[in-house]
Amino acid sequence: MELVKLTIDGKEVQVPAGITVLEAAERAGIHIPRLCHDPDLTPVGACRLCVVEIEGMRNLPASCVTVVSEGMVVRTATPAVIEARQTILELLIANHPLDCLTCEKLGDCQLAEYCYRYGVTQSPFIGGEKHNYELEESNPFIIRDLNKCILCGRCIRACAEITCKDIIDFSYRGFNTKVTPFGDTPLIESDCVYCGNCVSVCPTGALTEKQMRGRGRRWEYKRVRTTCPFCGTGCNFD
Ligand code: FES
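Residues numbered from 1 in each chain as written. Predicted model: local features only at pLDDT ≥ 70, side-chain atom pairs only at ≥ 80, totals over all residues.

The name an unreviewed UniProt entry assigns to the chain is Formate dehydrogenase subunit beta, from the organism Thermacetogenium phaeum. Quoted straight from UniProt, the Sequence similarities (unreviewed entry) entry for the chain says "Belongs to the complex I 75 kDa subunit family." For the record of the chain, the UniProt heading Subcellular location (unreviewed entry) holds the text "Membrane". (UniProt positions renumbered as here; feature names shortened; annotations may be inferred.)

Quick word on the overall build of the chain
In terms of helices and strands, the chain carries 5 helices and 10 strands. Relative to its length of 238 residues, the chain is compact, with a C-alpha radius of gyration of 19 Å against a globular reference of 18 Å. Seen along its three principal axes, the alpha-carbon backbone of the chain occupies a region of about 55 × 50 × 35 Å. Each of the 238 residues in the chain was classed as buried or not, and the buried ones make up 33%. (Helix = DSSP H or I, 4+ residues; strand = E, 2+ residues; numbered from the N terminus. Rg over C-alpha atoms; globule rule 2.2 N^0.38 Å. Buried ≥ 20, exposed ≤ 12 C-beta atoms within 10 Å, placed from the backbone.)

Side note on the sheet that holds strand E4 (residues 73-75)
Across the sheet, 4 strands lie side by side as E2-E1-E4-E3; this open sheet has mixed pairing. Only two strands of the sheet have a single partner each, and these edge strands are strand E2 (11-16) and strand E3 (53-54). (Pairing = 2+ DSSP bridges.)

Comments concerning the environment of Pro 181
Along the polypeptide, Pro 181 turns up in strand E7 (residues 178-181). Residue Pro 181 is classed as partly exposed on the basis of its 19 C-beta neighbours within 10 Å. With 38 residues separating them in the primary sequence, Pro 181 and Trp 219 have C-alpha atoms 29 Å apart.

Let's talk about the domain arrangement of the chain
Assigned domains within the chain: domain 1 (3-84) and domain 2 (97-122 + 135-229). Placing a centre on the C-alpha atoms of domain 1 and another on those of domain 2 gives a separation of 26 Å. Taken together, the contact pairs 12 residues of domain 1 with 14 residues of domain 2. Counted by class, the side of domain 1 that touches domain 2 contains 9 nonpolar, 1 polar and 2 charged residues. (Domains from an automatic or database assignment. Contact = placed C-beta atoms within 7 Å. Nonpolar A, V, L, I, M, F, W, Y, C, P; charged D, E, K, R; others polar.)

Overview of unusual backbone geometry
Despite not being glycine, Arg 48 shows a phi value in the positive range, around 70°. In this structure Arg 48 comes out as partly exposed when scored by C-beta crowding, with 18 C-beta atoms within 10 Å. Of note in this structure, Leu 98 is not a glycine but carries a positive phi near 55°. Mapped onto the fold, Leu 98 is located in the loop between helix H2 (79-94) and helix H3 (110-117).

See the structure below:
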């Protein structure tokens, strides 16, 4: 296996060629924040929260889609990196309900967690237009609150890459962009099989399990391995 040597935050590491800077940092015990990244899904570099400084590069590249190279010098927490992450978080919460106290995802929300870590308590961008989508709870299993969606696309990739269903995708453009089944129908009118993969990868309270509502927090439940009954292949999920 070809190996590559690089330096991350002053630590020299040797990792397999072809992996990303985010994965290399992980191996070195350095956590780089991420919202759109999930190790089981194709990286897309959408949220930019994982930006880092790399010597010789003028911009701050997204570490989840930047492949390591020999001699690379990476810094994951410089003032410029921290400021960029704070600005991204401020932009995200500018159009977010901020009803954290009653949110089903309280204590398990990655957006809230990173706001806490980066000291983002409010947004200078509040005051613009905000989404006001109706809560979708017409199906028996999944509650969709698109006001809390940060368009990371994890649910879309989970549906396509793990469940192999391709039920949902981005619809519309710009501020009106949202994740919907084909034709912008409610889930109950789509071919959704309610496998829950989209819910399990959602980093915010946009997708939650209806049957868990008000019954306890995610960490109070035991995760078990289950077999998807739908297409007959018998894929296992946690
Ligand atoms: Fe890298 Fe979102 S985690 S761009």
